[in-house]
Amino acid sequence: MDGLSTSLADDLDLLREAALRAGEIAMGYFRKDPQVWYKHGNSPVSEADYAADRCLEERLAGARPDYGWVSEEMPASDRVAEVRHRVFVVDPIDGTRAFLRGEDVWCVSVAVLEAGVPVAGVIHVPARGETFEATTQGPALLNGAPCAVSDAASATRMRLSLPDSMRKKIADRYGDAVEALPAIPSLAYRLALVACGRLDGTIVRPRANDWDVAAADLILERAGGRFEDVDERRWRYGEDTAAHAVMIAGPLGLSPRLRDIARSLAA
């Protein structure tokens, strides 16, 4: 099927099927001491990551050979490929450190970009039995049911999931105005938790990657939220990680407050 004529519903079905299968494969290694190697920046990668990645490439690229392919586990030199109308962007296990510690807060994140914008995405959390998904043509779904960001008002106490480096500053500066919760190790899952209203928002440190956020960016938007930097700019796909600054995610009504908090942390 040609990439220009494939419907987003067809792409979403393909993403979901591939993510569920990759999750099954990853679960076969979960809490079973898989072999681990270390990449640049001392980032771990396990045999489970590689096995799930192979599954995704076989099922996704195999079904859509005219789409581009970007995966966390491919060589960095291969990520700068020819421009395609649609591109798969995947993270076979987002939250590898949590996976290796036996925690259940990791996920398979898969998305399709069209002209540099996410148009279909799935986040599957195998150990919790949760699947988030969306296209640009429908609502955000959690296990098949519509989900939405929280309806927290700007005056209420916000539940924010934050990196440890930010939590103490938040507690010192904002006291009872913010409930500073530990960061979910998987950025994709953390953003999905904002999309379904379990968190009111989060602040994301600089230098995240496209595969961390592509599916979640779309799911959050379709759930009524926004993923942006402190200058209200959306994520720009295909740029070097060094170009990405601090990002915030939350309901539209809380965006100004989240931006102010993010700016204060950088001050």
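To start, this report covers the structure provided alongside it. (Residues numbered from 1 in each chain as written. Predicted model: local features only at pLDDT ≥ 70, side-chain atom pairs only at ≥ 80, totals over all residues. Heavy atoms only, no water.)

Another point: the sheet that holds strand 3 (residues 68-71). Within the open sheet, the 7 strands sit side by side as 3-4-5-6-7-8-9. Their pairing is mixed. Of all strands in the sheet, those with a lone pairing partner are strand 3 and strand 9 (145-146), marking the two edges. Sheet contacts for helix 1 (residues 8-27): strand 4 (86-94), strand 5 (107-114), strand 6 (117-125) and strand 7 (130-135); angle to strand 6, the most-contacted strand, approximately 30°. Against the sheet, helix 2 (residues 47-63) engages strand 3, strand 4 and strand 5, with an angle of about 155° to strand 4. (Pairing = 2+ DSSP bridges. Helix = DSSP H or I, 4+ residues; strand = E, 2+ residues; numbered from the N terminus. Contact = heavy atoms within 4.5 Å. Axes fitted to C-alpha atoms, helices over the stretch in contact; angles between N-to-C directions.)

A separate point is the sheet that holds strand 13 (residues 225-229). Taking strand neighbours across the sheet as the criterion, the 5 strands line up as 11-10-12-14-13 in an open arrangement whose pairing is mixed. At either end of the open sheet lies a strand with only one pairing partner, and these are strand 11 (178-182) and strand 13. Taking each pair of neighbouring strands and ignoring which way they run, the sheet shows an average axis angle of 20°. Two elements, strand 13 and strand 14 (residues 247-251), share 5 bridges in a ladder whose sense is antiparallel.

Our focus in this paragraph is the packing of aromatic side chains. For the coordinates displayed, the defined rule picks out 9 aromatic pairs. Linked through ring pairs, Phe30, Phe99 and Trp106 together constitute an aromatic cluster. (Phe/Tyr/Trp six-rings, centres within 6.5 Å; stacked < 30°, edge-to-face > 60°.)

With phi around 55°, aspartate 33 is a residue other than glycine that occupies positive phi space. Of note, aspartate 33 is situated in the loop between helix 1 and strand 1 (36-38). Its identity is not glycine, yet glutamate 232 carries a phi of approximately 70°, on the positive side. If you trace the backbone, glutamate 232 turns up in the loop between strand 13 and strand 14. A relative accessible area of 45% places glutamate 232 in the partly exposed class. (Buried < 20%, exposed > 50% of the residue type's maximum accessible area, 1.4 Å probe, protein only.)

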